[in-house]
Amino acid sequence: MTVGPRVAVVGAGIAGLSAAYDLTRAGIDVVVIDPADRPGGKLRTSPFAGVDLDESADMFLARLPWGVGLCRDLGLEPALIHPAIGSALVVHNGRLRRLPEGLVLGVPSDLEALQASGLVSEAGLARLAEDLARPEGPPPEDRGEDCTVGELVRSRLGDEVFEVLVDPLLSGVNAGRADDLSAQLGAAQLLAAARRDRSLVRGARAQLPPVPPGGGRAPVFAALPGGMGTLVGALVEAIGIGRFRLGRTVTELIEQPDGRFVIATRTAPAAADPAYGPVADPVASSASGERAGSETVDAVVLATPGPVSAALLGDHMAKAATELGSLAYASVAIIALAWRAANVHGNLDASGFLVPRRSGLLLTACSWASAKFPHLGADGLVRLRASVGRSDDTRFLALDDAELIGRVRAELAELMGIEAAPVAARVHRWLDALPQYRPGHGARIDAVEAELAERLPGVVLAGASLRGLGIPACIDSGRRAAQHLLERLLPTA
Ligand SMILES: Cc1cc2nc3c(=O)[nH]c(=O)nc-3n(C[C@H](O)[C@H](O)[C@H](O)COP(=O)(O)OP(=O)(O)OC[C@H]3O[C@@H](n4cnc5c(N)ncnc54)[C@H](O)[C@@H]3O)c2cc1C
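Definitions and limits used
Residues numbered from 1 in each chain as written. Predicted model: local features only at pLDDT ≥ 70, side-chain atom pairs only at ≥ 80, totals over all residues. Heavy atoms only, no water. Phe/Tyr/Trp six-rings, centres within 6.5 Å; stacked < 30°, edge-to-face > 60°. Helix = DSSP H or I, 4+ residues; strand = E, 2+ residues; numbered from the N terminus. Buried < 20%, exposed > 50% of the residue type's maximum accessible area, 1.4 Å probe, protein only. Pairing = 2+ DSSP bridges. Axes fitted to C-alpha atoms, helices over the stretch in contact; angles between N-to-C directions. Near = heavy atom within 4 Å. Polar contact = N/O pair within 3.5 Å; in protein donor to acceptor, adjacent residues only side chain to side chain. Areas by Shrake-Rupley, 256 points an atom, 1.4 Å probe, with all protein chains shown as cover. Nonpolar A, V, L, I, M, F, W, Y, C, P; charged D, E, K, R; others polar. Domains from an automatic or database assignment. Contact = heavy atoms within 4.5 Å. Core = buried A, V, L, I, M, F, W, Y, C linked by side-chain atoms within 4.5 Å. Buried area = accessible area lost by both parts, 1.4 Å probe. Salt bridge = Lys/Arg side-chain N within 4 Å of Asp/Glu carboxyl O. Left-handed = near helix turned anticlockwise from the far one by under 90°.

With that out of the way, let us pick up the packing of aromatic side chains. In total, this model carries one aromatic pair according to the counting rule given. Ring geometry for Phe353 versus Trp368: centroids 6.3 Å apart, planes at 80°, classification edge-to-face. Of this pair, Phe353 sits in strand β18 (residues 352-354) while Trp368 sits in the loop between β19 (363-367) and α13 (369-372), and the two are 15 residues apart along the sequence. Trp368 carries the same exposure label as Phe353, and that label is buried.

Turning our attention to the sheet that holds strand β20 (residues 381-388). The seven strands lie next to each other as β7-β6-β18-β19-β20-β17-β21, forming an open sheet whose pairing is mixed. Edge positions in the sheet fall to β7 (95-98) and β21 (424-436), since each of these pairs with one other strand and no more. Taking the axes of each pair of neighbouring strands and ignoring which way they run, one obtains an average angle of 30° across the sheet. By the bridge criterion, two bridges tie strand β6 (residues 89-92) to β18 in an arrangement that is parallel. Pairing of Leu89 across the sheet is with Phe353, part of β18.

In the vicinity of the ligand, 32 residues are found, and the nearest of them are Asp34, Lys42, Met59, Leu469 and Ile471. In this structure, Met59 approaches the ligand through a main-chain N or O atom, which is 2.7 Å from a nitrogen atom. The protein chains hide 87% of the 1,000 Å² of surface that the ligand would expose on its own. Counting only elements with at least two residues in the shell around the ligand, the list comes to α1 (14-25), β2 (29-34), β12 (249-255), β17 (328-340), β21 and α16 (471-489). Here the element with the most residues in the shell around the ligand is β21; it accounts for three residues. Residue composition of the shell around the ligand, grouped by class: 21 nonpolar, eight polar and three charged. The residue makeup of the shell around the ligand includes at least three contributed by each of domain 1 (6-43 + 226-327 + 437-489) and domain 3 (328-436).

In this section: the environment of Ile471. Summarising the element assignment, Ile471 is placed in helix α16. A relative accessible area of 8% places Ile471 in the buried class. Spatially, the C-alpha atoms of Ile471 and His316 are 29 Å apart, while their sequence positions differ by 155 residues.

A word on the environment of Ser117. Within the fold, Ser117 resides in helix α3 (residues 111-117). Along the sequence, Ser117 and Arg97 sit 20 residues apart, while their C-alpha atoms lie 7.5 Å from each other. Excluding its chain neighbours within four sequence positions, the residues that come into contact with Ser117 are Arg97, Arg98 and Pro100. A distance of 2.5 Å separates a polar side-chain atom of Ser117 from the backbone oxygen of Leu114.

Strands sit in the order β11-β2-β1-β16-β22 across an open sheet of five strands; the sheet is parallel. Only two strands of the sheet have a single partner each, and these edge strands are β11 (244-246) and β22 (459-461). In this sheet, neighbouring strand axes are inclined to one another by 15° on average, regardless of whether the strands run parallel or antiparallel. One ladder, built from three bridges, connects β2 with β11; its direction is parallel. Its bridge partner lying in β11, Asp34 is registered against Leu246.

Counting 56 residues, the largest nonpolar core has Ile14, Leu23, Leu231, Leu235 and Val301 as the members making the most contacts within it. Considering each element in turn, this core owes the most residues, eight residues, to α16. There are two domains that each give this core at least three residues, and those are domain 1 (6-43 + 226-327 + 437-489) and domain 3 (328-436). Not counting residues up to four positions away in its chain, the partners in contact with Ile14 are Gly40, Leu43, Leu70, Leu231, Leu235, Ile471, Cys474 and Ile475.

All right, on to the domain arrangement of the protein then. Accessible area lost when the parts come together is the quantity often used to give the size of an interface. With domains assigned, the protein is organised as domain 1 (6-43 + 226-327 + 437-489), domain 2 (100-207) and domain 3 (328-436). For the pair domain 2 and domain 3, the two sides together bury roughly 970 Å², of which 52% comes from carbon and sulfur. The largest per-residue losses of area from domain 2 upon contact with domain 3 belong to Pro168, Ala175 and Arg177, which jointly make up 41% of the total buried on that side. On inspection of domain 2 and its partner domain 3, the count reaches three salt bridges. Across the salt bridge formed by Glu163 and Arg358, the nearest N and O atoms sit 3.3 Å from each other. Linking domain 2 with domain 3 are six residue pairs in polar contact (both at pLDDT 80 or more). Partitioned by chemical class, the residues of the side of domain 2 that touches domain 3 number five nonpolar, three polar and three charged.

On to the packing of α1 against helix α10 (residues 228-239). With their axes 9 Å apart at the nearest point, α1 and α10 run at an angle of 35° to one another. Note on packing geometry: the crossing formed by α1 with α10 is left-handed. Every residue of α10 that contacts α1 at Ile14, Leu17, Ala20, Tyr21 and Thr24 is listed here: Leu231, Val232, Leu235, Ala238 and Ile239.

A few words now on the pairing of strand β13 (residues 261-267). Most of β13 sits out of view: six of its seven residues are buried. In the sheet, β12 pairs with β13 via six bridges, with the strands oriented antiparallel. Each residue of the ladder has a partner; that of Leu253, found in β13, is Ile263. Counting the residues between successive antiparallel strands, the hairpin from β12 to β13 contains five residues, one of them, Gly259, with a positive phi of roughly 90°. As paired elements, β13 and strand β15 (residues 291-297) share seven bridges and run antiparallel to each other. Each bridged residue has a counterpart across the sheet, and for Ala264 the counterpart in β15 is Ser294.

Right under this line is the structure:
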């Protein structure tokens, strides 16, 4: 009997699952290993006040092809939904104000709309006029290098637009400071705009998608009515539950003389979720109650957070260990709250609001979940998802859940006038969850991958530590990793 190649996918987040899906479809014998008791990594959906609500990501960018593309492959595309409301608010001088139309990652393209919003002073508007007065065409000094978003925007549009619009929008995505963020990985649209035209406003205008003849732009975001858990569930079903080794941490990656790998694992008893079946690989009990095991495979997809990948590659590649190991992460928490609609006054006519860091609030953003996705409010409850935590604001870590809910409620009372007690509230803490890409990160990852291809060609990286933390980018990284290994393992494929 011919035995085909066997691949270990380390990490069952969306990147690992995407890789495992493509490998399985190509007939590869796959094993997916993760310490958690369920697959999905940062994607988790669970019941909250009678509906399935996401504990973290609740939608993804539809303009990038990879999220919608995976849903298409899984037969989920017809189920995709889009937020019912596109416009959002921002906290400005202690009040909620509507963001103007035509923002490209916070950079205004419609100055009349910006002026009407009242968010930027006369001096700030004058600074934008200076930007528009620049001659047309690409800046001659551009050497194609990465920089921070702060460097890019502050120098062209001034501090006010950056602090009132650009930083709140971007830090709503990665919980970091746009002053530190790689423009290439965190704001590629702005970098392209800046390279296209000396005026960033004009360059941003060119980035707006064309309005189709019938009017109305294509939806920016896509989601699933049952939450992101639906995507995870469909992937797990397609891969096959029997291929998962949950409740199991990979501790070492040992290269064999024949080029194969032994993946050493360790588990604490009862960590695995019985829903995903018993642990199938050989185990030996240790005195501590932990059980050691191993898998022997031909190749490995490392779809783990940067520091974990660094630790596992450390013995083989010092450079990769340094680059991936030094990637900083921000911690955040999502506080879900539900009220009876009668207790929430005013119109919830936005997708939610953003909070500039200079407001000093604990909140960093609040998604009006049931306004964005009306099925989440069909039972007469208003459901919100408030966010706290930034790379430079870890105040929430010192608060227990009850204190955190109390602080968030007080800020929501101030901003939205909701005084009543919620009918349900829950906190999800995501520690060291969101990578903070510094300028040059993309090039450093290119170098790590080149070294890996030379030194350990059977190992390939995937996930948010590479070139983007959004769900589509993570899916793309997983599918690319699978493709890379398929070309190696099945050269005639
Ligand atoms: C609160 C929050 C809100 C977000 N909102 C959005 C959003 O609205 N839209 C969007 O596009 N993105 C959003 N994101 C980002 C996105 O969800 C993540 O970047 C993405 O899911 C990461 O996927 P991943 O597979 O790279 O990593 P992960 O999901 O982190 O998966 C890595 C896996 O590796 C496992 N692992 C760790 N150590 C080991 C080990 N030693 N052995 C084996 N396995 C190991 C972990 O248990 C984990 O399951 C959000 C993230 C957070 C935290």
